[in-house]
Amino acid sequence: MRDQPPPTPHGPAPDLFTWEFAADPYPAYAWLREHAPVHRTKLPSGVEAWLVTRYADARQTLADNRLSKNPAHHDEPAHAKGKTGIPGERQADLMTHLLNIDPPDHTRLRRLVSKAFTPRRVAEFAPRVQELTDELIDRFTSGSDTADLIHDFAFPLPIYAICDLLGVPREDQDDFRDWAGMMIRHGGGPRGGVARSVKKMRGYLAELIHRKRQALPAEPVPGEDLISGLIRASDHGEHLTENEAAAMAFILLFAGFETTVNLIGNGTYALLTHPEQRERLQRALAEGDRGLLETGVEELLRFDGPVELATWRFATEPVVIGGQRIETGDPVLVVLAAADRDPERFADPDTLDLGRRDNQHLGYGHGIHYCLGAPLARLEGQTALATLLTRLPDLRLAADPAELRWRGGLIMRGLRTLPVEFSPPRSGQT
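Quick summary incoming for the structure in this document. Note that this is a predicted model, so its numbers are computed, not measured.

**A short note on the packing of aromatic side chains**
Alright, step 1. Taken as a whole and judged by the stated rule, the model has 12 aromatic pairs.
Alright, step 2. Pairing Phe-140 with Phe-422 gives two aromatic rings, centres 5.8 Å apart and planes at 65°, and the pair type is edge-to-face. Placement of the pair is Phe-140 in helix 6 (residues 119-141) and Phe-422 in the segment after strand 12 (419-421), with a sequence separation of 282 residues. The exposure classification of Phe-140 matches that of Phe-422, with both residues buried.
Alright, step 3. Arranged with centres 6.1 Å apart and planes meeting at 80°, the rings of Phe-155 and Phe-257 form a pair that is edge-to-face. Residue Phe-155 is located in the loop between helix 7 (149-154) and helix 8 (156-166), and its partner Phe-257 is located in helix 12 (residues 242-272); the two are separated by 102 residues in the primary sequence. As far as burial versus exposure is concerned, Phe-155 and Phe-257 are alike and both buried.
Alright, step 4. Linked through ring pairs, Phe-17, Phe-21 and Tyr-29 together constitute an aromatic cluster.
Alright, step 5. It is Arg-302 that lies over the ring of Phe-346; its NZ or CZ is 5.4 Å from the centre.
Alright, step 6. In this structure, Arg-413 is placed above the aromatic ring of Trp-406, and the distance from its NZ or CZ to the ring centre is 3.7 Å.

**Here we look at the environment of Lys-42**
Alright, step 1. Tracing the backbone through its elements, the reader meets Lys-42 in strand 3 (residues 38-42).
Alright, step 2. Given the relative accessible area of 28%, Lys-42 is considered partly exposed.
Alright, step 3. For the pair Lys-42 and Phe-17, spaced 25 residues apart in the sequence, the C-alpha separation amounts to 10.0 Å.

**As for the sheet that holds strand 10 (residues 331-334)**
Alright, step 1. Taken together, 5 strands build an open sheet; the order of strands is 3-4-10-7-5 and the sheet is mixed. Strands at the two margins of the open sheet, each flanked by one partner only, are strand 3 and strand 5 (67-68).
Alright, step 2. Looking at chain direction, strand 3 and strand 4 (residues 48-52) are connected through 5 bridges and run antiparallel. Residue pairing for strand 4: His-39 is matched across the bridge by Leu-51.
Alright, step 3. Its contacts with the sheet place helix 3 (residues 55-62) against strand 3, strand 4, strand 5, strand 7 (313-315) and strand 10, and it is angled at close to 125° to strand 10.

**A closer look at the layout of surface pockets**
Alright, step 1. Here the second largest pocket is characterised by a volume of approximately 390 Å³.
Alright, step 2. Lining of the second largest pocket is provided by 19 residues; of these, Lys-115, Arg-121, Glu-224, Asp-225 and Gly-229 occupy positions nearest its centre.
Alright, step 3. Looking at which element gives the most residues to the lining of the second largest pocket, the answer is helix 11 (residues 226-238), with 6 residues.
Alright, step 4. Classifying every residue of the lining of the second largest pocket by side-chain character gives 9 nonpolar, 2 polar and 8 charged.

**Some details on the side chain of Asp-330**
Alright, step 1. Within the secondary structure layout, Asp-330 lies in the loop between strand 9 (324-326) and strand 10.
Alright, step 2. Owing to a relative accessible area of 11%, Asp-330 belongs among the buried residues under this scheme.
Alright, step 3. Polar side-chain contacts of Asp-330 include one of 3.4 Å to the side chain of Arg-40.
Alright, step 4. Setting aside anything within four residues of it in sequence, one finds Asp-330 in contact with Arg-40, Trp-50, Arg-313, Phe-314 and Ala-315.

Calculation criteria
Residues numbered from 1 in each chain as written. Predicted model: local features only at pLDDT ≥ 70, side-chain atom pairs only at ≥ 80, totals over all residues. Heavy atoms only, no water. Phe/Tyr/Trp six-rings, centres within 6.5 Å; stacked < 30°, edge-to-face > 60°. Helix = DSSP H or I, 4+ residues; strand = E, 2+ residues; numbered from the N terminus. Buried < 20%, exposed > 50% of the residue type's maximum accessible area, 1.4 Å probe, protein only. Lys NZ or Arg CZ within 6 Å of the ring centre and 35° of its normal. Pairing = 2+ DSSP bridges. Contact = heavy atoms within 4.5 Å. Axes fitted to C-alpha atoms, helices over the stretch in contact; angles between N-to-C directions. 1 Å grid on protein atoms, 1.4 Å probe; cavity = no way out; pocket = protein on both sides within 12 Å on 5 of 7 lines; lining within 4 Å. Points joined across faces, edges and corners; volume = space filled by probe spheres on them. Nonpolar A, V, L, I, M, F, W, Y, C, P; charged D, E, K, R; others polar. Polar contact = N/O pair within 3.5 Å; in protein donor to acceptor, adjacent residues only side chain to side chain.

In structure tokens form, the structure reads like this:
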């Protein structure tokens, strides 16, 4: 049994990180915002960290350069450091990626990869995302009127999309799907399975980088894949090592698929459990109005977003957040899910309003670590939800919401399964 959190003037803090908490963490986060907005707690891994829950404090913390992303600044013994990042990344020598480094290295690497996520590049990728979306819906509706939207749709769509963007050959993408599936089980698979999957992915990426370097044409071709672009930059004096290239490809895959799995899964679930908002969006889509889709995806990110806590930060000197002193070496976790329901920032924060306009949510972070892939995630989320609601207009839950289970894990928030029923679309319907 874990140690109980220290009492506060308002009584003991609510239990965190239980299965009940995972199903609905928002009441506990409301208590913390009100009574202990910067709260020290022991995590399931045994590591102690500060949780920042108010919007203003969260925004300040995400942009504070005294809080490092580099785990070397953690004030815990070396054996504990492996508990503060992505499982398996240390053993697979994949630590030198954007989520673990600070400027100037972060600035250099982000500049290299940002070219792949410009609005123009993402717009060029839109037809492929639509094609993948339709193929997956065709597949799970063929001869059936039920599906698990996580397994059959929300999971494969972003994994195939990011593989295409990176330049993973189609014949190898199912291997990536298997490895990625193991990585997001968060303890639900065989012991050591995550680390083994990360090592397999690392070995494959190293081999793919080598093969692409050998075959790289002298000049870039239109629509060149991201791994080829990283190799080209490295070979033209940008000083990108092979380890950095492999780590970059790994984190783009890891950060670029699970967040979108959860965006589609959580977003669909929210719409199915808020029928008036779902019908509002369906009417707008039927009238050819995509404005509500755009604001709606932002509201779904705020209301029950895919990233519950921002990734780890470590104080490089004493820092005061929300009146609380944080000591050098202490880990700090910004609770995005709590900040995005702060009534000091959002009117009626527990209400889902797809037309919400003043919506500067923190679902993609803030500051220099703002999510690089946000334009692609928005595209995938909008395409997936619009196509589902248009092609399967009577889509409905096939389970009691109380029976649904959320995946364990510290950073991400997503459903394990999302059983649905529908009337199969007519042949040729789009």
